[in-house]
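Listed here are the chains, written in short residue letters.
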Amino acid sequence: QVQLVESGGGLVQAGDSLRLSCAASGRTFSSYAMGWFRQAPGKEREFVAGISRSSSNTHYASSVKGRFTISRDNAKNTVYLQMNSLKPEDTAVYYCAADGPSGPLYVVVTVTSGYTYWGQGTQVTVSA
């Protein structure tokens with residue numbers, strides 16, 4: 001199993017940038033595909049960005065493509081979400097997720113049902 005802890009959220013103005021971090025426990029971090037999701041109050045959790053085990057493939061929701069970048073540093077057991085040009089509609093609790101200890105090397109998982117492990121979330125609030 002793996003434990004995930006998000007950090008880096010906060011209150012910012014539209015147009016600002018934030019970098020979210022997700023620290024994972026264990027030495028098997030590189031064995032997991034990773035993803036970032038977000039959930040606003042009263043809404044379903046939605047996919048934001050994902051990265052494959054190999055780090056060769058990434059995928060983004062249309063709403064964030066060109067503004068957000070997902071990356072991973074296996075040596076630090078950490079996955080990042082660089083968020084630029086933030087908009088009020090980006091306001092949500094952001095969660096990182098890991099799919100499991102085994103799976104396709106080059107596939108990006110884009111649905112919540114494809115992930116097994118979840119962090120506690122970090123709040124991102126963007127004012128107009």
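The rules we used
Residues numbered from 1 in each chain as written. Predicted model: local features only at pLDDT ≥ 70, side-chain atom pairs only at ≥ 80, totals over all residues. Heavy atoms only, no water. Helix = DSSP H or I, 4+ residues; strand = E, 2+ residues; numbered from the N terminus. Pairing = 2+ DSSP bridges. Axes fitted to C-alpha atoms, helices over the stretch in contact; angles between N-to-C directions. Buried < 20%, exposed > 50% of the residue type's maximum accessible area, 1.4 Å probe, protein only. Core = buried A, V, L, I, M, F, W, Y, C linked by side-chain atoms within 4.5 Å. Contact = heavy atoms within 4.5 Å.

Q: Any chance you could explain unusual backbone geometry here in plain terms?
A: Most of the time, phi is negative for any residue but glycine, and the peptide bond is trans. You will see that asparagine 77, though not glycine, has its phi angle at about 50°, which is positive. If you trace the backbone, asparagine 77 turns up in the loop between strand 7 (68–73) and strand 8 (78–83). Phi is positive for serine 85, which is not a glycine, with a value near 50°.

Q: Teacher, can you tell me more about the sheet that holds strand 1 (residues 4–7) here?
A: Strand pairs in the sheet, formed through backbone hydrogen bonds, run parallel or antiparallel to each other. Pairing within the open sheet is antiparallel, and its four strands lie in the order 1-3-8-7. Since the sheet does not close on itself, it has two edges, and those belong to strand 1 and strand 7, each with one partner. This sheet shows a mean twist of 15° between the axes of neighbouring strands, independent of strand direction. Where strand 1 and strand 3 (residues 18–24) come together, four bridges link them in antiparallel fashion. By the bridge assignment for strand 3, leucine 4 is matched with alanine 24.

Q: Please explain the pairing of strand 9 (residues 92–98) as it appears in this structure.
A: Regular strands have side chains that alternate between both faces of the sheet. Across the seven residues of strand 9, seven count as buried, placing the element largely inside the fold. As judged from the three bridges shared by strand 9 and strand 11 (residues 122–127), these two strands associate in the antiparallel manner. Across the sheet, valine 93 pairs through a bridge with glutamine 123, a residue of strand 11. Here two bridges tie strand 9 to strand 10 (residues 117–118), and the two strands are oriented antiparallel to one another. The residue bridging alanine 98 from the neighbouring strand is tyrosine 117, located in strand 10.

Q: What am I meant to see in the nonpolar core here?
A: The nonpolar side chains of a soluble globular protein tend to be buried, and buried together. One finds Met34, Trp36, Leu81, Met83 and Tyr94 to be the most contacted residues of the largest nonpolar core, which totals 29 residues. When contributions to this core are tallied by element, the ones reaching two or more residues are strand 3, strand 4 (34–39), strand 5 (46–51), strand 7, strand 8, strand 9 and strand 11. Beyond its immediate stretch of four places on either side in the chain, tyrosine 94 contacts Glu6, Leu20, Trp36, Phe37, Arg38, Val48, Phe68, Leu81, Met83, Gly121, Thr122 and Val124. Counting residues in hydrophobic clusters, the runner-up holds six residues, among them Phe37, Ala97, Val109 and Tyr115.

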